[in-house]
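Read off the chains here:
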Amino acid sequence: MQSNVDIKENMPKIDTIKLRNKHIGKSCQLFYKTDPLKIIRGEGQYMYDEEGTRYLDCINNVAHVGHCHPTVVEAGMRQIATLSTNNRFLHDELVKCAQTLTEKMPSGLSVCYFVNSGSEANDLALRLARQHTKRHDIITLDHAYHGHVSAVMEISPYKFNQPGGDPKPDFVHVAPCPDVYRGKHRDCDYPEDADLGQLYADEVARLIEQNPNKIAAFIAESLQSCGGQIIPPKNYFKKVYDLVRSAGGVTIADEVQVGFGRIGTHYWAFEPHEVVPDIVTVAKPMGNGHPVGAVVTTPEIAESFASTGVCYFNTYGGNPVSCAIANAVMRVIDEEKLQENALHVGKYLLDQSWALQYEYDAVGDVRGTGLFIGIELVSNRRTRTPATKLAKAVVDRMKTVHKILVSSDGPDDNVIKLKPPMVFSAENADQFLYGIRECLAHFENQEKSQNTTGTEMRPVVVIPAPTTGGLCSLSSSAISEKPDLIKSV
């Protein structure tokens, strides 16, 4: 078998571009549109282009345990060489996958349905909720994205609010995203002891009051990614879940982007909120790049779904190859202590990123947990005006100068997102921190040179490499609280 290192491109990059332009729909977008990357292989937290240039991957929450992890590759190869069929036949990989997945959930969540993607998972979650409640209306969050099939596009403001998007259906009710930095209720507009979780929960309460006896479900990502790496305020989900259940609805936690230990402190991102959803959807990281996902729910909701007498069948959902790969991924997370790695490296990365607020006026907010971090860039700290052009420039310069792949997102596309493979190391964190500092200093100096003369230029701050053992040698007792920062007003 050919070595991963020996992989070469099949045709010149220019020919790849020509064929893509000819045969791939224009709405299928690329990263770095003006100078797209041709990636021909990956390993761990790195990807390599056709010229052999290595890039640090800070984008890929799909390659959860690292690109081409040998354990995952071997599991998939072994199973596909043995049997690949659908789940209407008994198979050990399927039931073992369901067992492992439910053992990692709260005890009430014990029934699985296997699918191929997050879109399918969320589509099925809506069907389960509607059948169980005999209702149809859905409460979703502004800027949310739950997938690309029709049913979940209808509950994804991230898509339908775009200029060419379809209008919001009447049965979809949009609550404000619980963003305390630039959302409807900002922390700077209230006293420090204000209960922002209650203020945002009150928005959901109003939607329920306006639609009595209609709400089937409330769906939300446990941490909103496309909305700009949002960390909801304390007790928000607890209050909302109580409201929805009191009104006869069920709760759906979308863990497609943030599950499987990414947040470091817990395996699932809903856990720190001290809630237990009625339905949980999982996908992307579960297969480390292989298309596999699942819906996990309670026996009661599963029984409601079965009571229709309509068979649920998904040709590829739960096939032996997908389940063997998912089993390998969950085994690697545990055996290689990748949740612990996310905790310690993420803590170091977040602490150092918070320091950027002292150094650069363009850094308005830094937020995150584990290897899920957002750096929000602004052109005015007082007004918190989004610096969309700067964010795009930083993304491009990180790629071209530092060979680091990041992306930007949020309602105004001004939040630098980090959600790298879970094998991301303290040394990788230092590489990112050096790069982001150089980029911010470069563009700050560029602006100064254009607007003034004789202004002192800012040097790039160099972060020293960590000592032996890196941050992964820290214990959980070493975790401290976020340092006090001067609040922007």
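Keep in mind it's a predicted model, so treat the numbers as computed, not measured. (Residues numbered from 1 in each chain as written. Predicted model: local features only at pLDDT ≥ 70, side-chain atom pairs only at ≥ 80, totals over all residues. Heavy atoms only, no water.)

A. Layout of the overall build of the chain. Summing up its helical and strand segments, the chain has 13 helices and 16 strands in all. Counting only C-alpha atoms, the chain reaches 75 × 60 × 50 Å along its principal axes. Burial statistics for the chain: of 489 residues in total, 52% are counted as buried. Intrachain contacts of the chain at a sequence separation of at least 6 include 73% that bridge at least 24 residues. For the chain, the accessible surface area stands at approximately 22,300 Å², while carbon and sulfur atoms represent 52% of it. When the 50 basic and 59 acidic side-chain charges of the chain are each reduced to a single mean position, those positions are 4 Å apart. (Helix = DSSP H or I, 4+ residues; strand = E, 2+ residues; numbered from the N terminus. Buried < 20%, exposed > 50% of the residue type's maximum accessible area, 1.4 Å probe, protein only. Contact = heavy atoms within 4.5 Å. Areas by Shrake-Rupley, 256 points an atom, 1.4 Å probe, with all protein chains shown as cover. Lys, Arg positive; Asp, Glu negative; His and termini not counted. Charge placed at Lys NZ, Arg CZ, Asp CG, Glu CD.)

B. Geometry of the sheet that holds strand 5 (residues 137-141). An order of 4-10-9-8-7-5-6 is seen for the seven strands of this open sheet, with the pairing classed as mixed. Unpaired on one side and paired on the other, strand 4 (111-115) and strand 6 (172-175) mark the two borders of the sheet. For this sheet, the mean angle separating the axes of adjacent strands, direction not counted, is 20 degrees. Sheet analysis places strand 4 next to strand 10 (residues 293-297), joined by five bridges and oriented antiparallel. Bridge pairing in strand 10 places Val115 opposite Gly293. Sitting on the sheet, helix 3 (residues 92-103) is in contact with strand 4, strand 9 (279-282) and strand 10, with an inclination near 120 degrees to strand 4. Here helix 9 (residues 299-306) sits on the sheet and contacts strand 4, strand 8 (250-254), strand 9 and strand 10; the angle it forms with strand 4, its principal contact strand, is near 60 degrees. (Pairing = 2+ DSSP bridges. Axes fitted to C-alpha atoms, helices over the stretch in contact; angles between N-to-C directions.)

C. Inspection of the sheet that holds strand 2 (residues 46-49) at higher detail. A sheet is described by the order of its strands in space; here four strands give the open sequence 1-2-3-14, paired in mixed fashion. Every interior strand has two partners, whereas the edge strands, strand 1 (39-43) and strand 14 (404-405), have only one. Bridge count for strand 2 against strand 3 (residues 54-57) is three bridges, and the pairing is antiparallel. Along strand 3, the bridge assignment pairs Met47 with Tyr55.

D. Region of interest: empty space enclosed by the protein. Tallied over the entire structure, the rule returns one cavity of 30 Å³ or more. Taken as a whole, the largest cavity holds about 30 Å³ of empty space. Taken together, Ala220, Ser222, Phe237, Tyr241, Ala253, Phe270, His273 and Val275 make up the full set of residues lining the largest cavity. The residue makeup of the lining of the largest cavity, split by class, is six nonpolar, two polar and no charged. (1 Å grid on protein atoms, 1.4 Å probe; cavity = no way out; pocket = protein on both sides within 12 Å on 5 of 7 lines; lining within 4 Å. Points joined across faces, edges and corners; volume = space filled by probe spheres on them. Nonpolar A, V, L, I, M, F, W, Y, C, P; charged D, E, K, R; others polar.)

E. View of the nonpolar core. Membership of the largest hydrophobic core comes to 94 residues, with the highest contact counts inside it found for Leu101, Phe218, Met286, Leu377, Val394 and Phe432. Looking at this core element by element, the count peaks at nine residues for helix 10 (residues 320-335). Discounting residues that sit within four places of it in the chain, Val394 has contacts with Leu377, Ile416, Ile436, Cys439, Leu440 and Phe443. Among the nonpolar cores identified, the runner-up in size contains 22 residues, and Val152, Val250, Ala302 and Phe305 belong to it. (Core = buried A, V, L, I, M, F, W, Y, C linked by side-chain atoms within 4.5 Å.)

F. The packing of aromatic side chains, seen in detail. Under the counting rule described, the total for this entry stands at 11 aromatic pairs. Considering the side-chain rings of Tyr113 and Phe305, the 5.8 Å spacing of their centres and the 90 degrees angle between planes classify their relative orientation as edge-to-face. Of the two residues, Tyr113 is situated in strand 4 and Phe305 in helix 9; the sequence distance between them amounts to 192 residues. Each member of the aromatic cluster is reached from another via a ring pair, and the members are Phe218, Tyr236, Phe237 and Tyr241. Above the face of the Tyr48 ring, Arg41 is positioned so that its terminal group lies 3.8 Å from the ring centre. It is Arg54 that lies over the ring of Tyr46; its NZ or CZ is 3.9 Å from the centre. (Phe/Tyr/Trp six-rings, centres within 6.5 Å; stacked < 30°, edge-to-face > 60°. Lys NZ or Arg CZ within 6 Å of the ring centre and 35° of its normal.)

G. Up close: unusual backbone geometry. Positioned with a positive phi, Lys134 is a non-glycine residue whose angle comes to about 60 degrees. Inspection of the secondary structure assignment puts Lys134 in the loop between helix 4 (118-133) and strand 5. Given a relative accessible area of 62%, Lys134 falls into the exposed group. If you check the backbone angles, Arg384 has positive phi at about 60 degrees while not being a glycine. Here Arg384 is to be found in the loop between strand 12 (372-380) and strand 13 (385-386). For Arg384, a relative accessible area of 2% gives the class buried.

H. Broad picture of helix 4. Between its first and last C-alpha atoms helix 4 spans 22 Å; for 16 residues at 1.5 Å apiece the expected length is 22 Å, and the two agree. Within helix 4, 12 of the 16 residues are buried, leaving the element largely enclosed by the surrounding structure. Among all positions of helix 4, only Gly118, Ser119, Ala121, Asn122, Leu124, Ala125, Leu126, Leu128, Ala129, Arg130, Gln131 and Thr133 are buried. Count one or two residues on from helix 4 and you reach Lys134, which has phi positive near 60 degrees. (Expected span 1.5 Å × (residues − 1).)

I. Quick look at the side chain of Gln257. Residue position: Gln257 is located in the loop between strand 8 and strand 9. Separated by 3.5 Å, the side chains of Gln257 and Ser225 make a polar contact. Discounting residues that sit within four places of it in the chain, Gln257 has contacts with Asn61, Glu221, Ser225, Cys226, Arg262, Lys284 and Lys419. (Polar contact = N/O pair within 3.5 Å; in protein donor to acceptor, adjacent residues only side chain to side chain.)

Any functional reading would require information beyond the geometric quantities listed.
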